[in-house]
Amino acid sequence: DVKVTQSSRYLVKRTGEKVFLECVQDMDHENMFWYRQDPGLGLRLIYFSYDVKMKEKGDIPEGYSVSREKKERFSLILESASTNQTSMYLCASRQDRADSNQPQHFGDGTRLSIL
Amino acid sequence: SQQGEEDPQALSIQEGENATMNCSYKTSINNLQWYRQNSGRGLVHLILIRSNEREKHSGRLRVTLDTSKKSSSLLITASRAADTASYFCATADVYYGNNRLAFGKGNQVVVIP
């Protein structure tokens, strides 16, 4: 089974801090994704990566950046955390970018609170 | 990007009954996927139906796809308390492929023992 591991289940940070959310997958997947999930808004794509050092903006990239230095690890960075970034953050991976008929595999999420 | 939208938003049923959820979307798709999310956890993939398929089964799950109406339904038969969760549909747009799944807002299902 694919395992996608997010480093923290719960995280509390202060406004203005630089925040790192880490995600690791163990199945050599090419694609990795970061979403945020908010009540009434569903899942929204922040960034995704289809290869090491490659990234593309999703629907709501403002205020975020990402890093993918190794294939198994995809980090989401909040450059200067703000209260409107309080949310549930979900990481996902998918095996092959050339095949659209494959599912995404999700981690358990990080519930981030910015005070 | 397009949005999958589930209907109804919330459903409460007795154990053993069937649960049906619908999803509509707006553009041309490669496939449509259904995911389940238990409270406080990540999403788990349930089933994927390709645009050239009309019906698919997996255990107690049955998914239909009508591309002419741009809609899909998920049927859970003989529901169990463990089926209590939120269910999301997600579409892979023809243009963006699977890299830009568009998720619906979710459909909460409560199965009463």
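Located above this text is the structure these notes cover.
Fair warning: this is a prediction, and the values are worked out from it, not measured in the lab.

Each value, and the rule that gives it
Residues numbered from 1 in each chain as written. Chains lettered and ligands numbered in written order. Predicted model: local features only at pLDDT ≥ 70, side-chain atom pairs only at ≥ 80, totals over all residues. Heavy atoms only, no water. Helix = DSSP H or I, 4+ residues; strand = E, 2+ residues; numbered from the N terminus. Rg over C-alpha atoms; globule rule 2.2 N^0.38 Å. Contact = heavy atoms within 4.5 Å. Areas by Shrake-Rupley, 256 points an atom, 1.4 Å probe, with all protein chains shown as cover. Buried < 20%, exposed > 50% of the residue type's maximum accessible area, 1.4 Å probe, protein only. Phe/Tyr/Trp six-rings, centres within 6.5 Å; stacked < 30°, edge-to-face > 60°. 1 Å grid on protein atoms, 1.4 Å probe; cavity = no way out; pocket = protein on both sides within 12 Å on 5 of 7 lines; lining within 4 Å. Points joined across faces, edges and corners; volume = space filled by probe spheres on them.

Novice: Which residues make up the overall build of chain B, and what values do they have?
Specialist: Summing up its helical and strand segments, chain B has zero helices and eleven strands in all. Along chain B, helices (α) and strands (β) appear in the sequence β-β-β-β-β-β-β-β-β-β-β when read from the amino end. Taking 13 Å as the expected radius of gyration for a compact globule of 113 residues, we find that chain B reaches 13 Å, a close match to that expectation. Dimensions of chain B along its principal axes, counting C-alpha atoms only, are 45 × 30 × 20 Å. At a minimum sequence separation of 6, the contacts of chain B that also span at least 24 residues come to 56%. Of the accessible surface of chain B, which amounts to about 5,200 Å², a share of 45% is contributed by carbon and sulfur atoms.

Novice: Which residues make up unusual backbone geometry, and what values do they have?
Specialist: All names here are of chain B. A positive phi is found at K70, a non-glycine position, where the angle reads about 50°. With respect to the helices, strands and loops of the structure, K70 is situated in the loop between β7 (61-66) and β8 (71-76). With a relative accessible area of 27%, K70 lands in the partly exposed category. The phi dihedral of A78 is positive, around 45°, even though this residue is not glycine. Tracing the sequence through the fold places A78 in the loop between β8 and β9 (85-93).

Novice: Go over the packing of aromatic side chains, please, and point to the residues and values.
Specialist: Per the counting criterion, the structure on display carries eight aromatic pairs over all chains. Taken together, a centroid distance of 5.7 Å and an interplanar angle of 85° make the contact between F106 of chain A and Y35 of chain B edge-to-face. One end of the pair, F106 of chain A, is in strand β10 (residues 105-106); the other, Y35 of chain B, is in strand β4 (residues 29-37), on a second chain. What makes F106 of chain A buried here is its relative accessible area of 10%. With centroids separated by 5.6 Å and ring planes inclined at 50°, the aromatic side chains of Y35 of chain B and F103 of chain B adopt a geometry described as tilted. Of the two residues, Y35 of chain B is situated in strand β4 and F103 of chain B in strand β10 (residues 97-103); the sequence distance between them amounts to 68 residues.

Novice: Lay out the layout of surface pockets in plain terms, naming residues and giving numbers.
Specialist: The volume enclosed by the largest pocket comes to roughly 540 Å³. Elements that contribute at least two residues to the lining of the largest pocket include exactly β4 (31-38) and β9 (87-94) of chain A together with β9 and β11 (107-112) of chain B. Put simply, the second largest pocket is a space of about 350 Å³. In terms of lining residues, the second largest pocket is bounded by 18 residues, among which V2, V4, F106 and G107 of chain A together with L43 of chain B are the most central.

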